[in-house]
Amino acid sequence: MKRRSEPPDPETEEQGLSFQDLIGLGSHSARKSHYSILEEKLAELEAERNRYKWLFENALHGIFQADFNGAVRAANPAFAAMCGFHDSRQIIAQPQLLEALFDDPGDYARLKQELLCLGKAYRFLTTLKRRDGVRIHVSMNVLLRSGEGGDLFEAFVQDISAYRRAQEELTRLNEELEARVERRTRELTQLNRKLLREIGEREQMQEELRLAKEAAEQANLSKDKYLAAASHDLLQPMNAARLLVSTLRERALAEQDGYLVERVHLALEGAEELLNDLLYISKLDQDAVQPKFEVFSIQQLLASLEGEFQPLASCSGLQLRVLPSCLSVRSDTRLLGRILRNFISNALRYTHQGRVLVGCRRKGSQLSIQVWDTGDGVPEERLQEIFHEFYQLNTHQRGACKGVGLGLAIVDRLARMLEHPIEVLSWPPRGSMFSVEVPLAAAPAPLPAEFKPAITGNNLEGACILVLDNDDNILISMEALLRQWNCVVYLARDRHEAIDLCKARSLRPDVILADYHLDRGQTGTDAVLAMRKCAGSAIPAAIITADYSDESVQLFQELQLPMLNKPVKPAKLRALLSHLLRNRGG
């Protein structure tokens, strides 16, 4: 079968055409067939040429073409401006200009050598010298071209002067930073050395402070021992003096003698109060006072205070009234008693006429124990200052010499220790009210069976009293006071002497009054127990001491021995003797 012929391929036909046919020199039919294609190709070539020309003219980087003789064949405006020329034709017009543009001729020679060897040079860094003499740093990418007239090279040039300046500035900043770091390092080294010296000095100071603290603590211990000894040694002669003066006060004396005795009494009373406050504030500073809470009837404490202060109020021409209460509280009876004792004492001291009233008022779960007076009062701006240490009001005090202003400071500390709020109200010059709030007990405390109000009358007629004390002045003073109360008095310095005296005279005293600290380590409690054993019965006894420590107080309570603090107040001594004599049958 005869194959049908395929139509001719235009491209095949076009490829088979001669060059003359394509450019229009061939047959008329060929020119007519491919003329439009040729025009399109020429238009494309022209457009491409114009595009490259536009890129060349408007490129941001410099572009030039030169031969190896240094003549610039072509240059774009960017390169002309980079070199300081207004027009690229100015560059082309100057032969061998390229070599002159290089600031370092060696760079130009090195560039040509690199092109001849490698045919290209990328990121070639050099310095060009502009027409106006200004030097610029450039980076070149250069290619070697071979042409009919000889070898040419074409280059793309980028002005990196700003980059180099930034790099140089960065280098300078780095150098400055390194210098600053080095300088700062030296300074820090010096500071570290100084700090090490200071640390060493501080450690030395801390060691010195530690040694000083240990010395201070040791001094405090020594001070405590000294104060304990001093309290006993100072209170002993003061106790004797108070007893002798009290004896004289109860005698009929001439008017002038009575006045002098009264002044001595007031002076001793002030000295006693001052010494007691100083010793007590020292104990508070050493945390030697610790509260022991218990439930007790407030009436027991109020009656005791009434018996203590009623004679003082009577001597001052004042009326002291204590309102009874059946409520029970939870507190430390000894510390609460000291707070109320200070309130009543101050009220009597600063009241010139009128009365002092002590009463209780219930406030929810609290009992407010209040002391009212008709004295001078306290200015409102000083109501808080009176609780500061060594603060005193500039008002006239009745009778006794001024203290150092520690009484209310002790009250403030004790109240905070017990967590009992205190309150002061005052209406100068009509009087004041001091109060302390105490928690009420959940259940009432029974009144002790042996408790009865103090008796102040003279019921000591013929009572046999044995006094034990290692101080002769105390013995003489106690003997004088007790004999004035019509008591039969026997004296002994220790328990052996007391036992021998009782055996020799077949004596059984009605009451024993014993000092706690006797000679050769003996104590009054041991003496009382020994005499009771010798007598075969529980002779009523009381301890008289200047030792206020908690251990001693606890010991006396365990032995059920009443305690009187030195210096002994005659009114309290009389009340205690009356109480003991009333119960001697039991």
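Look up a bit, the structure's there.
The present account deals with the structure reproduced in this document.

**Remarks on the overall build of the protein**
Reasoning step 1: Looking only at helices and strands, one finds 17 helices and 17 strands in the protein.
Reasoning step 2: The long-range share in the protein, meaning contacts at least 24 apart out of those at least 6 apart in sequence, stands at 64%.
Reasoning step 3: Looking at the protein as shown, the accessible area adds up to about 33700 Å², and 53% of this sits on carbon and sulfur atoms.

**Thoughts on the sheet that holds strand β4 (residues 135-147)**
Reasoning step 1: Read from one edge of the open sheet, 5 strands run β2-β1-β5-β4-β3, paired in antiparallel fashion. Both edges of this open sheet fall to β2 (72-75) and β3 (120-129), since each of them pairs with a single strand only. On average, each strand axis in the sheet is inclined to that of its neighbour by 30°, with strand direction left out of account.
Reasoning step 2: With 6 bridges joining them, strand β1 (residues 62-67) and strand β5 (residues 150-159) adopt antiparallel strand pairing. Paired with Asp-67 across the two strands is Leu-152, which belongs to β5.
Reasoning step 3: In this fold helix α7 (residues 105-118) packs onto β1, β3, β4 and β5, with an angle of close to 165° to the strand it touches most, β3.

**Concerning the side chain of Ser-331**
Reasoning step 1: Secondary-structure assignment places Ser-331 in strand β8 (residues 328-331).
Reasoning step 2: At a separation of 2.9 Å, a polar atom in the side chain of Ser-331 contacts the side chain of His-420.
Reasoning step 3: Setting aside chain neighbours within four positions, we find Ser-331 in contact with Lys-292, Phe-293, Glu-294, Phe-296, Leu-336, Leu-418, His-420 and Val-438.

**Brief notes about helix α12 (residues 407-418)**
Reasoning step 1: With 12 residues, α12 ought to run about 16 Å at 1.5 Å a step, and its terminal C-alpha atoms sit 17 Å apart, in line with that.
Reasoning step 2: By the burial criterion, the buried members of α12 are Gly-407, Leu-408, Ala-409, Ile-410, Val-411, Leu-414, Ala-415 and Leu-418.
Reasoning step 3: Of the residues trailing α12, Glu-419 is marked for its positive phi of about 60°.

**Observations regarding the packing of helix α10 (residues 298-315) against helix α11 (residues 333-350)**
Reasoning step 1: Across the interface, α10 lies against α11 with an axial gap of 11 Å and an inter-helix angle of 30°. At the point where α10 passes α11, the crossing takes the right-handed sense. Of the residues in α11, those touching α10 at Ile-298, Leu-301, Leu-305, Glu-308, Phe-309, Leu-312 and Ala-313 are Thr-333, Leu-336, Gly-337, Leu-340, Arg-341, Ile-344, Ser-345 and Leu-348.
Reasoning step 2: Looking at side-chain class alone, the contact of α10 with α11 contains 10 nonpolar, 3 polar and 2 charged residues.

**Some points on the sheet that holds strand β14 (residues 488-492)**
Reasoning step 1: Spatially, the 5 strands line up as an open sheet ordered β14-β13-β15-β16-β17, and their pairing is parallel. The two strands at the open ends of the sheet, each matched to only one other strand, are β14 and β17 (563-565). When strand polarity is set aside, the average angle formed by the axes of neighbouring strands in this sheet is 20°.
Reasoning step 2: By the bridge criterion, 4 bridges tie strand β13 (residues 464-468) to strand β15 (residues 511-515) in an arrangement that is parallel.

**Quick look at the pairing of β1**
Reasoning step 1: Buried residues dominate β1, accounting for 5 of its 6 residues.
Reasoning step 2: Pairing of β1 with β2, which is carried by 3 bridges, proceeds in the antiparallel orientation. Each bridged residue has a counterpart across the sheet, and for Ala-66 the counterpart in β2 is Val-72.
Reasoning step 3: If you look at the hairpin formed by β1 and β2, you'll find 4 residues sitting between the two strands, and Gly-70 has a positive phi there, around 95°.

**Brief notes about the packing of aromatic side chains**
Reasoning step 1: Throughout the structure, instances matching the rule amount to 7 aromatic pairs.
Reasoning step 2: The interplanar angle of 5° and the centroid separation of 5.8 Å between the aromatic rings of Trp-372 and Trp-427 together place this pair among those described as stacked. With a gap of 55 residues between them, Trp-372 in strand β10 (residues 366-373) and Trp-427 in the loop between β11 (422-426) and β12 (432-439) connect regions that are remote in the sequence.
Reasoning step 3: Assessed through its relative accessible area of 33%, Trp-427 is described here as partly exposed.
Reasoning step 4: Chaining the aromatic ring pairs together yields one cluster made of Phe-64, Phe-68, Phe-79 and Phe-153.
Reasoning step 5: Between the NZ or CZ atom of Arg-574 and the centre of the ring of Trp-485, over which it lies, the distance is 4.4 Å.

**Here's the deal with the pattern of salt bridges**
Side-chain pairing between opposite charges can occur once the charged atoms of the two side chains come close.
Reasoning step 1: If you walk through the whole model with that rule in mind, you get 22 salt bridges.
Reasoning step 2: Ionic pairing is found between Arg-172 and Glu-176, a salt bridge with its closest N-O pair at 2.2 Å. Of this pair, Arg-172 and Glu-176 both sit in helix α8 (residues 161-249), 4 residues apart, roughly one helical turn.
Reasoning step 3: Judged by its relative accessible area of 34%, Arg-172 is partly exposed.
Reasoning step 4: With its nearest N and O atoms 3.5 Å apart, the salt bridge here joins Arg-186 to Glu-182. Highlighted residues: Arg-186 and Glu-182, both in helix α8, separated by 4 residues, approximately one helical turn.

**Digging into a nonpolar patch on the surface**
Reasoning step 1: Taken together, the side chains of Tyr-52, Trp-54 and Leu-55 make up a nonpolar region of the molecular surface, amounting to roughly 360 Å² of accessible area.
Reasoning step 2: With respect to the helices and strands, the residue Trp-54 is situated in helix α3 (residues 28-58).

**So, the state of the cysteines**
Reasoning step 1: Within this structure, the stated rule accounts for 0 disulfides.
Reasoning step 2: Unpaired in terms of disulfides, Cys-464 finds its nearest cysteine sulfur in Cys-502, a separation of 7.9 Å.

**Side note on the nonpolar core**
Reasoning step 1: With 39 residues, the main nonpolar core has Ile-298, Leu-336, Ile-339, Leu-340, Phe-343, Ile-369 and Val-436 as its most contacted residues.
Reasoning step 2: Those elements giving two or more residues to this core turn out to be α10, β7 (319-322), α11, β9 (355-363), β10, α12 and β12.
Reasoning step 3: Ranked by the residues each element gives to this core, the list is headed by α11, at 8 residues.
Reasoning step 4: Ignoring any residue separated from it by four or fewer positions in sequence, one finds Leu-340 in contact with Leu-301, Leu-305, Ile-369 and Val-436.

Rules behind the numbers
- Residues numbered from 1 in each chain as written.
- Predicted model: local features only at pLDDT ≥ 70, side-chain atom pairs only at ≥ 80, totals over all residues.
- Heavy atoms only, no water.
- Helix = DSSP H or I, 4+ residues; strand = E, 2+ residues; numbered from the N terminus.
- Contact = heavy atoms within 4.5 Å.
- Areas by Shrake-Rupley, 256 points an atom, 1.4 Å probe, with all protein chains shown as cover.
- Pairing = 2+ DSSP bridges.
- Axes fitted to C-alpha atoms, helices over the stretch in contact; angles between N-to-C directions.
- Polar contact = N/O pair within 3.5 Å; in protein donor to acceptor, adjacent residues only side chain to side chain.
- Expected span 1.5 Å × (residues − 1).
- Buried < 20%, exposed > 50% of the residue type's maximum accessible area, 1.4 Å probe, protein only.
- Left-handed = near helix turned anticlockwise from the far one by under 90°.
- Nonpolar A, V, L, I, M, F, W, Y, C, P; charged D, E, K, R; others polar.
- Phe/Tyr/Trp six-rings, centres within 6.5 Å; stacked < 30°, edge-to-face > 60°.
- Lys NZ or Arg CZ within 6 Å of the ring centre and 35° of its normal.
- Salt bridge = Lys/Arg side-chain N within 4 Å of Asp/Glu carboxyl O.
- Patch = residues over 30% accessible without salt bridge, like charges linked within 9 Å, V, L, I, M, F, W, Y side chains within 5 Å.
- Disulfide = S-S within 2.5 Å.
- Core = buried A, V, L, I, M, F, W, Y, C linked by side-chain atoms within 4.5 Å.

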